[in-house]
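Chain and residue survey
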2 protein chains.
Amino acid sequence: MKRFFIFIFSLVAYSCWSQMPLQETFNLMPWPKTISAQEQQFTLTPDLSIAIDGPKSNRVTTAATKFLRRLSGRTGLFLKEGFPSTINNRKDASIILTYTTVSTLNIKTDEAYKLTVTNNNIHLNASTDVGIVRGLETLLQLISNTATTYYIPGVSITDEPRFVWRGLMIDVSRHFHPVHVIKRNLEAMAAVKMNVFHWHLVDDQGFRIQSKTFPELTDLASDGLFYTQEQIQDVVAYANTLGIRVIPEIDVPGHASAILTAFPNLGSKPGYEYSIERNSGVFDPTLDPTNEDTYVFLEQLFTEITPLFPDDYFHIGGDENEGKHWDENKDIQKFKAAHNLKTNHDLQTYFNIKIEKILHKLDKKLVGWDEILTPTMPTTAVIHSWRGENEGLPKGGTLIEAAQKGYNTILSNGFYIDRMESIEKHYLTEPIGNVTLSEEETARILGGEATMWSELTTSLTIDSRIWPRTIAIAERLWSPKTINDVNNMLKRIQPISFRLEELGVTHIKNRDVILRSMSNNQDISSLITLQKVCEPLKIYARNKDGIEYQTYSPFTLFADACVADAPDAVAFNRLVANYTAAPTTKTKTEIKKYLTTWNTQYEAFSALDKNPTLNTLEPLSKNLSVVSKTLLDVLDQKTISKTAKQQFTESLNILKQDHVDVEVAMVNALENLAKFPK
Amino acid sequence: MKRFFIFIFSLVAYSCWSQMPLQETFNLMPWPKTISAQEQQFTLTPDLSIAIDGPKSNRVTTAATKFLRRLSGRTGLFLKEGFPSTINNRKDASIILTYTTVSTLNIKTDEAYKLTVTNNNIHLNASTDVGIVRGLETLLQLISNTATTYYIPGVSITDEPRFVWRGLMIDVSRHFHPVHVIKRNLEAMAAVKMNVFHWHLVDDQGFRIQSKTFPELTDLASDGLFYTQEQIQDVVAYANTLGIRVIPEIDVPGHASAILTAFPNLGSKPGYEYSIERNSGVFDPTLDPTNEDTYVFLEQLFTEITPLFPDDYFHIGGDENEGKHWDENKDIQKFKAAHNLKTNHDLQTYFNIKIEKILHKLDKKLVGWDEILTPTMPTTAVIHSWRGENEGLPKGGTLIEAAQKGYNTILSNGFYIDRMESIEKHYLTEPIGNVTLSEEETARILGGEATMWSELTTSLTIDSRIWPRTIAIAERLWSPKTINDVNNMLKRIQPISFRLEELGVTHIKNRDVILRSMSNNQDISSLITLQKVCEPLKIYARNKDGIEYQTYSPFTLFADACVADAPDAVAFNRLVANYTAAPTTKTKTEIKKYLTTWNTQYEAFSALDKNPTLNTLEPLSKNLSVVSKTLLDVLDQKTISKTAKQQFTESLNILKQDHVDVEVAMVNALENLAKFPK
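Residues numbered from 1 in each chain as written. Chains lettered and ligands numbered in written order. Predicted model: local features only at pLDDT ≥ 70, side-chain atom pairs only at ≥ 80, totals over all residues. Heavy atoms only, no water.

1. Examining the overall build of chain A
Going by this rule: To qualify as a helix, a DSSP run of H or I must reach at least 4 residues; to qualify as a strand, a run of E must reach at least 2; elements of each kind are numbered from the N terminus. C-alpha atoms define the radius of gyration in this analysis, and the globule rule sets the expected value at 2.2 Å times the number of residues to the power 0.38. By definition, residues are in contact when any of their heavy atoms lie within 4.5 Å. Under the counting rule used here, the positive set is Lys and Arg, the negative set is Asp and Glu, and His together with the chain ends is not counted. Charge positions are represented by NZ for Lys, CZ for Arg, CG for Asp and CD for Glu.
Within chain A, the regular secondary structure consists of 27 helices and 19 strands. In terms of overall size, chain A behaves like a compact globule, its C-alpha atoms giving a radius of gyration of 27 Å where 678 residues would be expected to give roughly 26 Å. Principal-axis analysis of the C-alpha atoms places the extent of chain A at approximately 80 × 70 × 50 Å. Sequence-distant contacts in chain A: of pairs separated by 6 or more residues, those separated by 24 or more amount to 76%. Of the charged side chains in chain A, 70 are positive and 80 negative, and the gap between their average positions amounts to 6 Å.

Next up, the structure:
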């Protein structure tokens, strides 16, 4: 314990250094707790070697080996030693990894590390092997170069996370994502020090985990797309090696179409024809909480499944049950009356409490979406706060309330990355804010999770929906609260995001796959120009009422190639804001460069052999060209004819509308530029 | 049987049509046996539906469902029906799949199909479900479009393969390739109607298949990179669904470093320190054929492993055993003398015959590389012909000899895609040629296999080494011998190759991943220009003596981004050949376009922030610019100064040399252009 206090003290000492200039120099994400720089540098050569000084740990051996491959891959260095050594065999190694314990992952795992880089060697020290895994990622982020050499700059870093729960949820029910898709995203999570993978395994659209007790679940309700138990164990072990806990979610009692397709007798509406859901939304099929068979089934299922997941926590969903089928079932109504359960919420709490007892027997702690937060719910449950202003709750949702009421709690409200909102919004979602909480209450706020619901994504596009925005969320949950400069974050995230490619993440490369497919492998430069200014419609507007897209609809469309924070639109918006505030020739030149590109793309687009898919982009391409041409004339102080003005307005109005499920993300800046007095 | 003859008759009837014009119209690969076109077209609309008329077949259901996803993904059509129906539920479906039997895959599997497309519907008929799988791929290749509609042109196709064994071998020992890499390549194989996946599971660099009897094999000799038995079964089932047989290879008695790392007592040199090999080449560790324990071990291993592979065939390698350790072991020498085994070849045959008996007991037929073709080898073995002129054998190697001697045989000589030679060479490798063979002998030539040895490839690049060249090999093995027009093939292969992307194949998209990594995510346009004219060194020159690259060396270099048949170099070579033969203004203009691109790329390259990796490309970039600039002046009939001429020669000489393991693939054309009289 004494050792711990010394550690804290040294952190405080370091943080006296001014941090801001280093944030300009180094591109680290999440930004470490404290960092100082020295005028030293460790040069990377083929002689680089790693020695491990600690108890045998698969985590460290794996991470150190991957470190060597990634360093070699990035630099092209032909390292003489392809594997780490033990300290006894290699006391003179250039990188020494020192730790004392091999951690069992839980919410108390110590992830702190200390990294020191000098001219001659690199020391990475941690209490646990997980700290080493975290520190190696920092070290990779530090790789720098001159024209003639690769090196690691001289730094001293002491680092530890602000929150113990830094998660990513992936929904594999709405669209299934095979093991390798999960694994590459686990790698990316580890690269930005996230430590919880929440696996949303069951929903209306499919039951995705093999049950040997109830094979009907996947035989009848998965379309053949599910994980075998060996695959589950493989993923859990893979995550564990990366220092990532895995929390499974079996969503009950609502979102139960898949379960009830296999076992209709457990449903709340006798005679209802349950089937795998192909649309998105909130549906009526619900387990019958008054039927003892429901609990027998769930206890058997959980008894079979929980051993696959060594983590202490188990997520039961519990969200979005509107209770329609409960209202329509007279026996359930009678049951409510007999048990003095006034509302469906009370009935669901009755259900939750019974489930909590089953999980308790299995040595698991219950996690549920915040609908489970009812007066009689035991405080052993963890409240997963997801609802917020959109769902009629106060901003920040139920997080603070849950902590104050004595629950451990995690935040996802503000971290719904499937809403396709800007990175800035997620980055500035501060879990605690300025609320004054007691120490105990603060400790109950475990952290948060980005949520990747997959109604509108397949394995082709899921990476571009998760990354890079989740890097910003990872920083929010790891770094000190004071690290919140958006512009600096946007600078730092660039190299961190693109380097995820070395882990196999497809967020960048799959854009061109979609555009090549759309264009039948013609020149896609004009399509890329359009892609860089268009964003998919936000907040589920793309999937109005959940019926525009079915699970088997095409997700190979222009909107699927587009991403949040369309890069050229974001850059242009900033330029125009600067220009209209304080015009300079330099800014004007940069603005004109964009306008010229947007003007000329139409010529290239027009040269393409058309097909019905490409044709849908014609209005975008053409009107962007018209608007840009006019604005170039405006900036060049040419006279704009009345016809041209009229055409400009018409074209701008067309660009303001949604096209093929995207929006032109700098349309306001285009309009502002036209208004700007010459 | 009668039905079969009618079928053959109709094939003959169709082939009276002239084929050549249709090869210009349709981009089918492999080209079908017979095809005719009608003035009809089946328009693709959201109402498209599929009905299955045949016995329950997972192959057909899966293929039809994937067909719908791929069609929808390519066209953007929101199909109303996301799954196929049975004929009883959907007699009026637009696509009807009719077959009578579900095939057990073997070398007698009937893969023939008949496809008829009219204005109103599409009929795909086959004897077996595998024929339906093949025909659906043809149908996908037929998808066409106008500016306003997608359609399938009216055709009648009757098709069946020339050879029954059309394989791809993937070496997963030198570099391990995880399940998903194998699966996407299986999908690509099926897309071009290949039907054998030969899985090279064991070599000096790693033992890649889990043995529960001998866990030491993967514990000690795989670096943790291997397939579990469940994964093996998963891949085999996946392949089976695609109509692909899986042949495992356990290479013995040579290439045994991995096996002997786990079980040194089975080695031929007592006291030798066996370890996982990190280099490439032919090594000495060899199983001891005089030790009965060797056979006990192999029998136990094969008894455990063979049930995972339902196919009739089992590959034992048997190649490249130089017998050095046998010569060095006195007991082995004594054994040879005692058993009247004069040469090491005789000793290996002794070994092979014992292995053959073990496999026979396990109901497996032995396949081996052509070194096993010795006088006493039983003709039950299948000879895998790989050696040719490079190995001191006649062109075409041992294929014909083996067939004449009574062995079934398959060809890989000429199909070594890892040698990075041109597609033309592989395409024109005709297995039988003009040799006159009896009907029995001809029937013994089962087909061939492309071989993807992976000394110089990781999962990042393996797809670009396999595809698109393997498509040409697939056509060689499926289509009639007369289909051999290289230019027409090169035209047809373009859309077939790029559409492999929809199956997740990474042969196109991973180029930019490498170039982004090299350039630290700067503008890669100049690097792409260079990539399009450079080819990796051929025939293992890149890995001189197998020691330039170790298994853990970086394969993220410029040479890894480059591919065989560098597209712009190939196009330029053709242009210059045409121009020097018969100059036209049009050709000259096209030549100048390339030269201008090559001249200006240096400016963009120079603008990049340099690092040691990028710097290695400086000589390429700079000298290509110098040479191109001078040639532009030559073509523009400008006077070339003496200095410029000298500089041209110097630069050309530099371009003629290897740089960073690539060669500039149009350097001769550049030289010829300079010589061309103005």
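Next comes the rest of the write-up.
2. Focus: the side chain of D251 of chain B
Residues and elements named next belong to chain B. The line we're drawing: Each residue is placed in one exposure class: buried if its accessible area under a 1.4 Å probe, protein chains only, is under 20% of its type's maximum, exposed if it is over 50%, and partly exposed if it falls in between. Salt bridge criterion: a side-chain nitrogen from Lys or Arg within 4 Å of a carboxyl oxygen from Asp or Glu. Polar contacts, as used here, are pairs of N or O atoms within 3.5 Å; protein pairs need one atom able to donate a hydrogen and one able to accept it. Residues neighboring in sequence count only if both atoms are side-chain atoms.
Take D251: it is sitting in the loop between strand 12 (245-250) and helix 8 (257-262). With no salt bridge to any partner, buried D251 finds its closest opposite charge in R174, at an N-O distance of 6.3 Å. A polar atom in the side chain of D251 sits 3.0 Å from the backbone nitrogen of G318. For D251, the residues in contact, after removing those within four places along its chain, are H200, V202, D203, I259, I316, G317, G318 and D319.

3. A short note on helix 18 (residues 486-499) of chain B
Residue and element names in this part refer to chain B. Rules: Helix span, expected: 1.5 Å multiplied by one less than the number of residues in the helix. What we call the bend at a residue is the angle made by axes fitted to the seven residues finishing there and the seven residues starting there.
Spanning 14 residues, helix 18 covers 20 Å between terminal C-alpha atoms, matching the ideal 20 Å at 1.5 Å per step. Its maximal kink placed at I493, helix 18 deviates by approximately 35 degrees, while the proline P495 follows within four residues. Most of helix 18 sits out of view: 10 of its 14 residues are buried. All buried positions along helix 18 are accounted for by V486, N488, M489, L490, R492, I493, I496, S497, F498 and R499.

4. Re the pattern of salt bridges
Residue and element names in this part refer to chain A. One pass over the full model with this rule turns up 82 salt bridges over all chains. With a shortest N-O distance of 3.0 Å, R59 and D129 are connected by a salt bridge. With R59 in helix 3 (residues 58-75) and D129 in helix 4 (residues 129-142), this pair connects stretches of sequence that are 70 residues apart. D129 shares its class with R59; the two are buried. Where salt bridges share partners, they join R70, R74, E137 and E502 into one cluster.

5. A short note on the domain arrangement of chain A
All names here are of chain A. For clarity, the threshold we go by: Each domain's extent is set by a domain assignment, obtained either automatically or from a database. The term buried area means the drop in 1.4 Å probe accessible area that two parts suffer when joined, counted for both and summed. Residue classes follow a fixed rule: Ala, Val, Leu, Ile, Met, Phe, Trp, Tyr, Cys and Pro count as nonpolar, while Asp, Glu, Lys and Arg count as charged, and any other residue, Gly among them, counts as polar.
Per the domain assignment, the segments making up chain A are domain 1 (31-159), domain 2 (165-194 + 379-508) and domain 3 (511-675). At the interface, 23 residues of domain 2 touch 21 residues of domain 3. Contact between domain 2 and domain 3 buries roughly 1700 Å² in total, counting both sides, with carbon and sulfur atoms accounting for 59%. A per-residue breakdown of the area domain 2 buries against domain 3 is headed by R419, M420 and L456, which together make up 34% of the total. At the boundary of domain 2 and domain 3, one finds zero salt bridges. Connecting domain 2 to domain 3 are seven residue pairs in polar contact (both at pLDDT 80 or more). Secondary-structure elements contributing two or more residues to the side of domain 2 that touches domain 3 are helix 16 (462-466) and helix 18 (486-499). Tallied by class, residues from the side of domain 2 that touches domain 3 come to eight nonpolar, eight polar and seven charged.

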